[in-house]
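# Understanding the architecture of this molecule
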Amino acid sequence: MTLTTAVPAPPAPPARPKVAKLGRPNFFVYATLAVFVLGSLFPFYWSFLVASRDNGMLTERVPPLVPGGNFFANAAQVFDSVAFWKAMGNSVLVATSVTLSTVLFSSLAGFAFAKLRFRGRDPLFVFIVVTLAVPTQLGVIPLFIAMSELGWAGGLQAVIVPNLVTAFGVFWMRQYTVDAVPHELIEAARVDGCSMIRTFWHVCLPAVRPAAAVLAMFTFMTSWNDFLWPLIVLDAGNPTVQLALEQLQSGYYTNYSLVLAGTTLATIPILIVFLLLGRQIVAGIMQGAVKG
Amino acid sequence: MTVVQAPRRDDRPSAVPPRPTFRHRLSKWDVKYSPYAYIAPFFVVFGLVGLFPLLYTAYVSLYDWEIGDDDPPFVGFENYVQLFGDGQFWNAVGNTLSIFVLSSGPQVVIAVLLAALLNTRLRGPTGWRVGILLPYAASLVAIGIIFANLFGNQYGLLNSILEAFGLDRVDWQAGTLSSHVAIATMVNWRWTGYNALIVLAAMQAIPKEINEAAVVDGAGPVRRFVSVTLPLLRPTLIFVVITSTIGGLQIFTEPKLFDVGQGSNNGGSSNQFQTVTLYMYQQGFENFDLGYASAIAWMLFLLIVVIALVNFLITRRLASTEGGRR
């Protein structure tokens, strides 16, 4: 023993703390994280809990902690009270078209900024980055005036068109395209006689698919959850899901089982998407943060 | 290479007039102009819904502009003058700042600590990360309603818990501070995990050698966190603080849904939690005074710029002095 310790003595000091650092986290770390995850889950669970019972539950001193059997009855009532199917359909239509167009236009612009040479490229890109700081919310009043002039107010196009492409999307796709698409590949396609647009479609787009997927998920969620602008520009008869929820709540008397059945219905689709794709979304956030 | 190129050069003069020119020219145009076509959609959309509205807001704010008004009278800076004397506006500014401080302060601190926990060698790291990020997927409106219910005065779960412990129930909606705390809780619930992941990404980008060097120098975990990790996180912390400033100062959905008088834009019975955006919405789309609402929008914009700048300077300084010798 003494002999062996004598020999590797010099490298020992750095080695020992290294082991401590790389050791598994202790119970405290897991417990704290578990508290946070439970805290993240709780509001969802609570809303389902109330939604699956009747309003009387809320008056009980000790609220029950397991779901009851009234969820479908409450959900049916939601569909009777507001145009929930229509709202769902509207939200799907808006979010899907906004997502498709944002991904397409952002990838195209990202390709141009990352790989093509043209006059004014760098200043134009800097301009886009600067516009990231302009809060779009502040433009709602003139935008509303403009939409009224166009006769678009109340129509879904008033929600779709302003979101066709975003500065964030362009920035995001450009950052990814710079590394993901080698210049040689583009040159090879050009030598083979590909036009620019074909080069984009057949060479660039397949290579940037992961970033496009993450952008698509972000855009879909943001669009699905948008509230202020639809509230301003749409009317009560033609709502998105978020507006329908607000209508449910702003009635004269609040039936919480009904309202929370509505929130549960509106949350389930996006929660499923999130749980299926959570891995990629997390990877996307991590990657974006490193680059941004 | 030279062998291939040489004959081409010779061919060129004779081949100038007929067909290669057209295709060549087409391809040249393609190279020269198609990039502009690819970036055009952004500039068209931004021009229409970003730049134009921002300038037009300033224009509208100089008029006594009511919804449906065909010929609004020009009033110059009267809207702004009126705004400076408007107690409800300053009340809204105060509420916005208070909610902002209560939300982004704890949010950033907890996010950094959470990121430090997530940065250990966890079992199933992705599972934990997805769990932490879960609130980000929630619909803002749904969450607003759910939290308003949890914080309800009569039947809210929180008050039931307080009573179960023999404490007094709190009328979350009625009090100024208590309503701000409740709204800040919603904001924090939604964004802390998201910010933690952004900070975590930056932590993972820190080279291992730096930490190992600190270990060799005898620095404990806390010391390493304060003296090595935090300073290196500076750009990310600035990013997180700035984005949460911009988001936090525009807060609208949470206070709108937190009101007991549902569908109201008052922000509580005595405007105790009416934010600037909510006030802007009330002036513009409840009272139909678009000119005044535009003035509020511009004041909010200036407020955001000033506070983002102040935060930027503070964060930069904090993160660098904590680094000590650099």
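Residues numbered from 1 in each chain as written. Chains lettered and ligands numbered in written order. Predicted model: local features only at pLDDT ≥ 70, side-chain atom pairs only at ≥ 80, totals over all residues. Heavy atoms only, no water.

### Re the overall build of chain B
From N to C terminus, chain B includes 14 helices and 0 strands. Reading chain B from its N end, one meets helices and strands in the order α-α-α-α-α-α-α-α-α-α-α-α-α-α. For 326 residues, the compact-globule estimate of 2.2 N^0.38 gives 20 Å, and chain B exceeds it by more than 25% at 28 Å. If you line up chain B on its principal axes, its C-alpha atoms span 95 × 75 × 35 Å. Counting every position in chain B, which comprises 326 residues, the buried fraction comes to 51%. Taken as two groups, the 22 positive and 21 negative side-chain charges of chain B have centres that lie 25 Å from each other. (Helix = DSSP H or I, 4+ residues; strand = E, 2+ residues; numbered from the N terminus. Rg over C-alpha atoms; globule rule 2.2 N^0.38 Å. Buried < 20%, exposed > 50% of the residue type's maximum accessible area, 1.4 Å probe, protein only. Lys, Arg positive; Asp, Glu negative; His and termini not counted. Charge placed at Lys NZ, Arg CZ, Asp CG, Glu CD.)

### A look at the UniProt feature "transmembrane region" (unreviewed entry) in chain B
Residues and elements named next belong to chain B. Here the UniProt feature "transmembrane region" (unreviewed entry) sits at residues 35-56, 97-118, 130-152, 172-191, 232-252 and 290-314. Taken end to end, residues 97-118 is 100% helix and 0% strand, and its two terminal C-alpha atoms sit 31 Å from one another. A distance of 34 Å separates the end C-alpha atoms of residues 232-252, which is 81% helix and 0% strand. (UniProt positions renumbered as here; feature names shortened; annotations may be inferred.)

### Let's talk about the interface of chain B and chain A
Between chain B and chain A, the contact holds 89 residues from the first and 94 residues from the second. For the pair chain B and chain A, the summed buried surface comes to about 8,500 Å²; carbon and sulfur atoms form 77% of the total. Between chain B and chain A we count 2 salt bridges in total. Of the charged contacts, one joins Lys256 of chain B and Glu246 of chain A as a salt bridge, the two residues approaching to 3.7 Å between their closest N and O atoms. Broken down by element, the residue count for the side of chain B that touches chain A peaks at 21 residues, all from helix α2 (residues 19-60) of chain B. Here the side of chain B that touches chain A is composed, by residue class, of 63 nonpolar, 17 polar and 9 charged. (Contact = heavy atoms within 4.5 Å. Buried area = accessible area lost by both parts, 1.4 Å probe. Salt bridge = Lys/Arg side-chain N within 4 Å of Asp/Glu carboxyl O. Nonpolar A, V, L, I, M, F, W, Y, C, P; charged D, E, K, R; others polar.)

### Some points on the environment of Leu249 of chain B
Residues and elements named next belong to chain B. With respect to the element layout, Leu249 can be found in helix α11 (residues 234-249). For Leu249, a relative accessible area of 0% translates into the label buried. Apart from residues lying up to four places away in sequence, Leu249 is in contact with Thr96, Leu97, Phe100, Thr277, Leu300, Leu303, Ile304 and Ile307.

### Some words on the packing of aromatic side chains
Evaluation of the coordinates by the stated rule reveals 43 aromatic pairs over all chains. Residues Phe79 of chain A and Phe84 of chain A carry aromatic rings whose centres are separated by 5.4 Å and whose planes lie at 85° to one another, so their mutual orientation is edge-to-face. Classification of Phe79 of chain A as partly exposed rests on a relative accessible area of 26%. Judged by relative accessible area, Phe84 of chain A falls into the buried class, the value being 1%. Relative to Phe200 of chain A, the ring of Phe111 of chain A lies with its centre 5.5 Å away and its plane at 50°, an arrangement referred to as tilted. With Phe111 of chain A in helix α5 (residues 84-115) and Phe200 of chain A in helix α11 (residues 196-207), the pair connects residues that are 89 residues apart, well separated along the chain. As far as burial versus exposure is concerned, Phe111 of chain A and Phe200 of chain A are alike and both buried. Here a set of aromatic residues connected by ring pairs shows up, and it is made of Phe44 of chain A together with Phe147, Phe151, Trp172, Trp189, Phe258 and Phe273 of chain B. Directly above the aromatic system of Phe125 of chain A lies the positively charged group of Arg174 of chain A, at a separation of 4.7 Å from the ring centroid. (Phe/Tyr/Trp six-rings, centres within 6.5 Å; stacked < 30°, edge-to-face > 60°. Lys NZ or Arg CZ within 6 Å of the ring centre and 35° of its normal.)

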